[in-house]
Amino acid sequence: MSNSQITGRGVVVTGAGHGIGRALATRMAAEGARVVVNDLDAEAAKTVAAEIGGFAVPGDAAWEQGVEALVDAAREHLGQIDVWFANAGIDRGHGLDAPEADWAAALDVNLLAHVRAARLLVPDWVERGAGRFVVTASAAGLLTMLGSPVYSVTKHGAVAFAEWLSATYRHRGIVVHAICPQGVRTRMLEESGPLKDLLTRDATLEPEDVADAVVQAFTDDRFLVLPHPEVADYYRHRAADTDRWLGGMNKLQQGVERLEENR
C-alpha cells in the first residue's frame, strides 16, 4: 500500500545518481511520488530519471547558485516541492592534516547545502503549513568517524542543523528527518580503506534497505531514521557515559592503526 505522505508529492533528491540517493529516488517513484533527480554526474541523473519516470536536473546543489537553479527547475516541473532529500555528500580529507580545501568542500556539500536549500524552501512551506526536509547524515553524525575529522564534523553539523530546523518549525507543519546509517553498500564504503572493517562490524545494508527505513519513518514523522538499530544503543551509551564510550572508541582506533601497520 502506498504511503499517504508520498503518493502524488513533488520530491527532489540530490545526489540521486548513485547509492542511497538512487535508492531513495527509486522508492519515492515506486510509492507514487513525482521525482526530480539531481546529481553532479549528469549522465547518472538522466539514467535514473529515465528508469523511474522522473525528471533529471543535473548540477551542483551545494552552491547557492546551484541549489537556486535546482529549486527553480523543480518548482517549474512539479508545481511545488513537498519533500526535499538533502542526500548529496562527500568524504574528503583524513587525519589532522586534512587540507583546507577538503574542509571547505565537505562543509559546502555535507552541511551548507542543507542550509542553502532550507532558506529557499522553508518560507513557502511555512505559508502552506506543510513540507518535509530529509537529511542524509550518517551514524558518524551521532557518534564519530575514526580517521576522518572532516566527515565527522560535517555530519555532526548536518544532524545539528536538522535538529534546529525541526525544533524551530515543527509547529508550522514542517517535518524533518535525519538518516543515520552505518555501513551501506555504496562506493563510499568500498573506498573507505582500513575503516571498511570497522564500518561493517554490524550488518552491511543495501541502499534499498535505507529507503525502506525512510518510508517507515514517514508514517510516524520520526526524526531519527536508524536503518542499523544498533546505532540507537551506541548513541545511548555515548550519552550515558561519554568517557567510557570515548575509551572504547580509542581502543577501536588502536585496532585500526594496527591494521594499517600490517598492510
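Placed above this text is the structure.
The sections below set out a description of the structure shown in this document. (Residues numbered from 1 in each chain as written. Predicted model: local features only at pLDDT ≥ 70, side-chain atom pairs only at ≥ 80, totals over all residues. Heavy atoms only, no water.)

Topic: the overall build of the protein chain
- When helices and strands are tallied, the protein chain shows ten helices and seven strands.
- Taking 18 Å as the expected radius of gyration for a compact globule of 263 residues, we find that the protein chain reaches 18 Å, a close match to that expectation.
- With the C-alpha coordinates aligned to their principal axes, the bounding extent of the protein chain is approximately 55 × 40 × 35 Å.
- Each of the 263 residues in the protein chain was classed as buried or not, and the buried ones make up 48%.
- Intrachain contacts of the protein chain at a sequence separation of at least 6 include 65% that bridge at least 24 residues.
- Working note: accessible area of the protein chain is about 12,500 Å², and carbon and sulfur atoms make up 51% of it. (Helix = DSSP H or I, 4+ residues; strand = E, 2+ residues; numbered from the N terminus. Rg over C-alpha atoms; globule rule 2.2 N^0.38 Å. Buried < 20%, exposed > 50% of the residue type's maximum accessible area, 1.4 Å probe, protein only. Contact = heavy atoms within 4.5 Å. Areas by Shrake-Rupley, 256 points an atom, 1.4 Å probe, with all protein chains shown as cover.)

Side note on the side chain of Thr-154
- Inspection of the secondary structure assignment puts Thr-154 in helix H5 (residues 149-169).
- Classification of Thr-154 as buried rests on a relative accessible area of 0%.
- Reaching out from Thr-154, the side chain makes a polar contact with the backbone oxygen of Val-150 at a distance of 2.8 Å.
- The residues contacting Thr-154, other than those within four sequence positions of it, are Ala-106, Leu-107, Asn-110 and Leu-111. (Polar contact = N/O pair within 3.5 Å; in protein donor to acceptor, adjacent residues only side chain to side chain.)

A short note on the pairing of strand S5 (residues 131-136)
- Burial runs high along S5: six of the six residues are buried.
- Burial along S5 is two-sided: Gly-131, Phe-133 and Val-135 and Arg-132, Val-134 and Thr-136, pointing in opposite directions, are all buried.
- Bridging between strand S4 (residues 83-86) and S5 involves four bridges; their strand directions are parallel. When the sheet's bridge partners are listed, Val-83 is paired in S5 with Arg-132.
- Viewed along the sheet, the connection from S4 through helix H4 (residues 100-128) into S5 turns out right-handed.
- Across six bridges, S5 lies against strand S6 (residues 174-179) in parallel orientation. (Pairing = 2+ DSSP bridges. Right-handed = clockwise from strand over helix to strand, strands pointing away.)

Overview of the nonpolar core
- One finds Val-12, Ile-81, Trp-84, Leu-121 and Phe-133 to be the most contacted residues of the largest nonpolar core, which totals 39 residues.
- Those elements that provide at least two residues to this core are helix H3 (64-78), S4, H4, S5, H5, S6 and helix H10 (242-261).
- Per element, the largest residue contribution to this core is seven residues, and it comes from H4.
- Sequence-distant contacts of Leu-121, that is, excluding residues within four places in its chain, are made with Val-71, Arg-75, Ile-81, Trp-84 and Phe-133.
- Formed by 29 residues, the second largest nonpolar core is a distinct cluster that contains Ala-16, Ala-49, Val-184 and Val-210. (Core = buried A, V, L, I, M, F, W, Y, C linked by side-chain atoms within 4.5 Å.)

A look at the pattern of salt bridges
- According to the stated counting rule, one finds nine salt bridges in the structure shown.
- Taking the shortest distance from any N to any O, the salt bridge between Asp-212 and Arg-27 comes out at 2.2 Å. Note that Asp-212 is positioned in helix H8 (residues 207-220) and Arg-27 in helix H1 (residues 19-30), a separation of 185 residues in sequence.
- Its relative accessible area of 31% is what places Asp-212 among the partly exposed residues.
- Taking the relative accessible area as the measure of exposure, Arg-27 reaches 23% and is therefore partly exposed.
- With a shortest N-O distance of 2.8 Å, Arg-116 and Asp-108 are connected by a salt bridge.
- One network of salt bridges, with partners in common, ties together Arg-27, Glu-31 and Asp-212. (Salt bridge = Lys/Arg side-chain N within 4 Å of Asp/Glu carboxyl O.)

Details of a negative patch on the surface
- On the surface, Glu-64, Glu-68, Asp-72 and Glu-76 cluster together into a patch of negative charge.
- For Glu-64, the location among the structural elements is in helix H3. (Patch = residues over 30% accessible without salt bridge, like charges linked within 9 Å, V, L, I, M, F, W, Y side chains within 5 Å. Lys, Arg positive; Asp, Glu negative; His and termini not counted. Charge placed at Lys NZ, Arg CZ, Asp CG, Glu CD.)

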